[in-house]
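# Secondary and tertiary structure notes
The chain contents come next:
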Amino acid sequence: MAEKIKDNLYWLGMDNPDSRDFHGIYTPRGGSYNSYLILDDKPTIVDLTNTPFLKSYLESLRSVIDPKEIQYIVINHTEPDHCGAIKEILKHTINAKVVCTEKCREFLEAQFDIKARFQTVKQDEALGLGKCALRFYPMPMVHWPEAMMTFMEDGKVLFSSDLFGTEIAHESLYADDMKDFRSLTKDYFAIVMRPFFKQVQKAADTAITLSPGLICPSHGPIYRNKEIIGLYEKLAKDPEEDKFTIIYYSIWHGTEKIAKQIKEALKKEDKKVEFFDIERSNLVHMMASCLTSKYLIIGSMTIASSYHPSFDALFSLLKLNHQKDKICGIFGTHGWSSGSVPRLKEKLEQMEYRPIAEVDCRFGKVSEENIEEFKRKILASS
Ligand code: FEO
């Protein structure tokens, strides 16, 4: 149901607490698709919702205003999580014009076959609603080409669309009232934003210039401070932290044993380690871990003279991280012929990563000296 943010501004929902997947992200705390209502002489909605939430959405809207009174619907982004229900919603908001960029209009018509009264807007253009005005800032490829953010000058409210989002249901309307969810923001950032990190940097710069007092993204909670801009900037410009990501694939536990030995050796040095069995871990979460780790340690048993193919899906996602020169260590096992370690090395070099240590163990046998030498080489690269 609708919740008041301030006298002239409402959150219209929607939360999906039972959702456990979004764009491949594991979402243990659900998801949300935010829509906002501005009450002014010309009542205006910013962003909509998807079809499964249509009934609840209309109830939420009607709890504040008769949909026929809506004069404008601002569309920042046309992906179905925000616009899937537009055709049905327009049947109820019969007096509304759809305000969006020309590219957005094209996408709306092509995806949803809607016939609407459009008012297209451009960079820095303003739209008066009565007492307050909206100003528009297209941000192509954050996350789609038609993406835009909208700024309400009265109260300095930024409707940032996918930018500054986290896929999480509201435990409170406001981020500072929720228990920590930074790890989920990083997962969302990795798959939704990092492929477009240069455009994200530019949009974050625009947001800083606007100095919003309230940041209202289309996923997750509302921000009463600028902390989320700082986190997004860090993830776009300089995401690596002084930590290690270890990812392995094992069948007979030989590679797993080496992975654990490397982890323990690093822990003895007080190093932060994130540790993944690739078969039992979420791909996007591993992508985010790799994005934010200075060091990647990767290991596989040998199969068909190479590493296990489950790594290929991970490598495809890692390309979207657009990182070079990441310091890597490689480990693996083989029986009669070495395969996983040399193929992993080739692959990481193709990705322009920097493999600097390797340990390749026949039938999984490894000495403490092997592990120490591997660790020494990695730490010497710091
Ligand atoms: Fe939340 Fe790109 O849609």
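Please refer to the structure placed before this passage.
Below is a short write-up of the structure. Everything numeric here is computed off the predicted structure, so don't read it as measured data.

### Things to note about the packing of helix α9 (residues 283-292) against helix α10 (residues 310-319)
The description of two helices packed together rests on the angle between their axes and the distance between the axes. Between α9 and α10, the shortest axis-to-axis distance is 10 Å and the interhelical angle comes to 50°. Considering their axes alone, α9 and α10 lie oblique with respect to each other. Crossing angle aside, the handedness with which α9 passes α10 is right-handed. Residue-level contacts link L283, V284, M286, M287 and C290 of α9 to A313, L314, L317 and L318 of α10. For the contact of α9 with α10, the class distribution of residues is 9 nonpolar, no polar and no charged.

### Comments concerning the packing of helix α5 (residues 182-193) against α9
At their nearest, the axes of α5 and α9 sit 8 Å apart, and the two run at 95° to each other. Between α5 and α9, the angle falls in the class roughly perpendicular. Facing S183, K186, D187, F189, A190 and I191 of α5, the residues of α9 in contact are V284, H285, M287, A288, L291 and T292.

### Thoughts on the sheet that holds strand β2 (residues 9-16)
Ordered in space as β1-β2-β5-β6-β7-β8-β9, the 7 strands form an open sheet in which the pairing is mixed. Among the strands making up the open sheet, the edge pair consists of β1 (3-6) and β9 (118-120). The average angle at which neighbouring strand axes cross in this sheet is 25°, direction not considered. Pairing of strand β5 (residues 31-38) with strand β6 (residues 44-46), which is carried by 3 bridges, proceeds in the antiparallel orientation. Of the residues in β6, the one forming a bridge with I38 is T44. Together, β2, β5 and β6 form the strand contacts of helix α1 (residues 54-62), whose direction differs from that of β2 by roughly 160°.

### Looking at the pattern of salt bridges
According to the stated counting rule, one finds 25 salt bridges in the structure shown. The partner of E241 in a salt bridge is K186, and the shortest N-O contact between them spans 3.2 Å. Of the two residues, E241 is situated in strand β15 (residues 241-249) and K186 in helix α5; the sequence distance between them amounts to 55 residues. Given a relative accessible area of 24%, E241 falls into the partly exposed group. For K186, a relative accessible area of 19% puts it in the buried group. One salt-bridge network, in which partners are shared between bridges, spans D176, D177 and R224.

Cut-offs applied
Residues numbered from 1 in each chain as written. Predicted model: local features only at pLDDT ≥ 70, side-chain atom pairs only at ≥ 80, totals over all residues. Heavy atoms only, no water. Axes fitted to C-alpha atoms, helices over the stretch in contact; angles between N-to-C directions. Helix = DSSP H or I, 4+ residues; strand = E, 2+ residues; numbered from the N terminus. Parallel < 35°, antiparallel > 145°, perpendicular 65-115°, else oblique. Left-handed = near helix turned anticlockwise from the far one by under 90°. Contact = heavy atoms within 4.5 Å. Nonpolar A, V, L, I, M, F, W, Y, C, P; charged D, E, K, R; others polar. Pairing = 2+ DSSP bridges. Salt bridge = Lys/Arg side-chain N within 4 Å of Asp/Glu carboxyl O. Buried < 20%, exposed > 50% of the residue type's maximum accessible area, 1.4 Å probe, protein only.

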